[in-house]
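Next come the chains, spelled out residue by residue.
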Amino acid sequence: MNVSPEFFELQIRFAIRAGAVAGLDVEEALLRYTNIYVRLGCGVVVDPSSPRWRSYLGGITELDKLPGWTYELWERVGGRTSGPVLHSRQGCFGFTRASAQHVHLHFVAGENKGASALSPEELPARASELRELLSALPADTRVHGRSWMYNLKRYRSLFPYEYLETAVPIEPPWQRLPLWGQLLHADGSVRQGCRAYFLDRLALATDEAALQTCFRYPVYELSAPAAVFQR
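A few points on the structure.

About the thresholds
- Every residue gets a number counted from 1 within its own chain, in the order that chain's sequence is written.
- In keeping with the model being predicted, local features are shown solely for residues with a pLDDT of at least 70 and side-chain atom pairs are shown and tallied solely at 80 or more, while totals for entire chains, interfaces and linings include all residues.
- Note: side-chain values were computed over all heavy atoms of the structure, leaving out hydrogens and water.
- The secondary structure listing takes helices from DSSP runs of H or I that are at least 4 residues long and strands from runs of E that are at least 2 residues long, numbered from the N terminus.
- Only C-alpha atoms enter the radius of gyration; for comparison, a globular chain is expected to reach 2.2 Å times N to the power 0.38, where N is the number of residues.
- Burial classes: relative accessible area under 20% of the type maximum marks a residue as buried, over 50% as exposed, and values in between as partly exposed (1.4 Å probe, protein chains only).
- Throughout, a contact is declared for two residues whenever any of their heavy atoms are within 4.5 Å.
- A 1.4 Å probe and the Shrake-Rupley method give the accessible areas. Residues count as covered only by the protein chains that appear here.
- Charge counting treats Lys and Arg as positive and Asp and Glu as negative, with His and both chain ends excluded.
- All charge positions are set by atom: Lys at NZ, Arg at CZ, Asp at CG, Glu at CD.
- For the purposes of this section, nonpolar cores are sets of buried Ala, Val, Leu, Ile, Met, Phe, Trp, Tyr and Cys residues that join through side-chain atoms within 4.5 Å.
- Axes here refer to lines fitted to C-alpha atoms; in helices the fit is confined to the stretch in contact. Angles between the N-to-C directions go from 0 to 180 degrees.
- Each angle gets one of four labels, with under 35 degrees taken as roughly parallel, over 145 as roughly antiparallel, 65 to 115 as roughly perpendicular, and the rest as oblique.
- Whether a crossing is left-handed or right-handed is set by the direction in which the near helix is turned from the far one by less than a right angle, anticlockwise for left-handed and clockwise for right-handed.
- For this scheme, ten residues count as nonpolar: Ala, Val, Leu, Ile, Met, Phe, Trp, Tyr, Cys and Pro. Four count as charged, namely Asp, Glu, Lys and Arg, and the remainder, Gly too, count as polar.
- Between the first and last residue of a helix there are one fewer steps than residues, each counted as 1.5 Å, and that sum is the expected span.
- We define a salt bridge as a side-chain nitrogen of Lys or Arg found within 4 Å of a carboxyl oxygen belonging to Asp or Glu.
- Strands are treated as partners if at least two bridges between them are detected by DSSP.

As for the overall build of the chain
And then number 1: If you tally the helices and strands in the chain, you get 12 helices and six strands.
And then number 2: A compact globule built from 231 residues should have a C-alpha radius of gyration of about 17 Å, and the chain, at 18 Å, falls within 12% of that.
And then number 3: In terms of principal-axis extent, the alpha carbons of the chain reach across some 55 × 35 × 35 Å.
And then number 4: The proportion of buried residues among the 231 residues of the chain is 42%.
And then number 5: Of the contacts formed within the chain by residues at least 6 apart in sequence, a portion of 67% connects residues at least 24 apart.
And then number 6: On the chain, roughly 11,400 Å² of surface is accessible, and the fraction owed to carbon and sulfur atoms is 52%.
And then number 7: Distance between charge centroids for the chain: 4 Å, based on 25 positive and 24 negative side chains.

A word on the nonpolar core
And then number 1: Grouped together as the largest cluster of nonpolar side chains are 41 residues, with contacts concentrated most on Phe 14, Trp 53, Tyr 56 and Phe 198.
And then number 2: With seven residues, the single largest contributor to this core is helix α1 (residues 5-22).
And then number 3: Not counting chain neighbours up to four residues away, the residues in contact with Trp 53 comprise Glu 27, Leu 30, Leu 31, Ile 36, Tyr 37, Leu 40, Cys 42 and Pro 48.
And then number 4: Counting residues in hydrophobic clusters, the runner-up holds 26 residues, among them Leu 105, Leu 133, Leu 222 and Phe 229.

As for the packing of α1 against helix α2 (residues 26-33)
And then number 1: Running from amino to carboxyl end, α1 crosses α2 at an angle of 115°, the nearest separation of the two axes being 8 Å. Considering the angle they form, α1 stands roughly perpendicular to α2. Crossing angle aside, the handedness with which α1 passes α2 is right-handed. Of the residues in α2, those touching α1 at Ile 12, Phe 14, Ala 15, Ala 18, Gly 19 and Ala 22 are Ala 29, Leu 30 and Tyr 33.
And then number 2: Among the residues making up the contact of α1 with α2, the classes are represented as eight nonpolar, one polar and no charged.

Concerning α1
And then number 1: Between its first and last C-alpha atoms α1 spans 26 Å; for 18 residues at 1.5 Å apiece the expected length is 26 Å, and the two agree.
And then number 2: Along α1, the positions that sit buried rather than exposed are Phe 7, Phe 8, Leu 10, Gln 11, Ile 12, Phe 14, Ala 15, Ala 18 and Gly 19.
And then number 3: Each element contacted by the buried residues of α1 is listed here: α2, α3 (36-39), α5 (66-76), α9 (177-180), α10 (192-202) and α11 (208-212).
And then number 4: In the stretch just after α1, Gly 23 is the one whose phi turns positive, near 75°.

Description of the pattern of salt bridges
And then number 1: A full pass over the atoms with the stated rule returns nine salt bridges.
And then number 2: Here the salt bridges do not stand alone but share partners, grouping Glu 122, Arg 126 and Glu 129 into one network.

Here's the deal with the sheet that holds strand β6 (residues 219-225)
And then number 1: A sheet is described by the order of its strands in space; here six strands give the open sequence β1-β2-β3-β4-β6-β5, paired in mixed fashion. One side of each edge strand has no neighbouring strand; the edge strands of this open sheet are β1 (88-90) and β5 (168-170). Strand-to-strand twist of the sheet, defined as the mean angle between neighbouring strand axes without regard to direction, takes the value 30°.
And then number 2: Direction of pairing for β1 relative to strand β2 (residues 93-99): antiparallel, over a ladder of three bridges. Within β2, the position partnered with Arg 89 by the bridge is Gly 94.
And then number 3: Packing against the sheet, helix α6 (residues 123-135) makes contact with β1, β2, β3 (102-107) and β4 (142-147), and its axis sits at approximately 30° to β2.

Observations concerning the environment of Leu 202
And then number 1: When you line up the elements, Leu 202 lands in helix α10.
And then number 2: Residue classification places Leu 202 among the buried residues on the basis of a relative accessible area of 7%.
And then number 3: When the C-alpha atoms of Leu 202 and Gly 19 are compared, they prove to be 12 Å apart, with 183 residues separating the residues in sequence.

Okay, structure coming up:
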């Protein structure tokens, strides 16, 4: 996926503030409170000893140069091609298989050409893609979702009620795109309204609870058997 340098800048500013709040040095705060580890292709399981992560930290000289260095390394390691390895895909929807009986949904809006992937005229296509994606799964396969996007009425309209009613807000997954993705447009540029909201609250954050308020939308977790979708 594509992202802008500004996306990394916002994460770094957040890490510096979060580190001050939690009493962490910058290196630890970058690991714990940003999506940078994953964006650099270091892996989905966070390991502070990752060679690529150690190389990233080793390139840090001055804090004001950190956003530029992060973006430079992201480009160098092929960050635009990083992301979940989908086991199946239909249009803007795909899933990763956690086990034989569990799959995790992903929405790949940047792949939609032309109109916004969730514009009213595009919703029938999205519903068709979702239905087709899950139609071949065994009926008892658990379908899991975790995203800020379940706050959006148009996105919710694509899913069956039985799935939506399982939604529960979770603690912010600081290192994951289901949280940070709300700052991005589909093309990877930063949403300026979300940026202003984020920075206004970050300036006032004095504890972790206040850090959570920097994000306009909570992340919801949902789960239902494939049969619910297939009906």
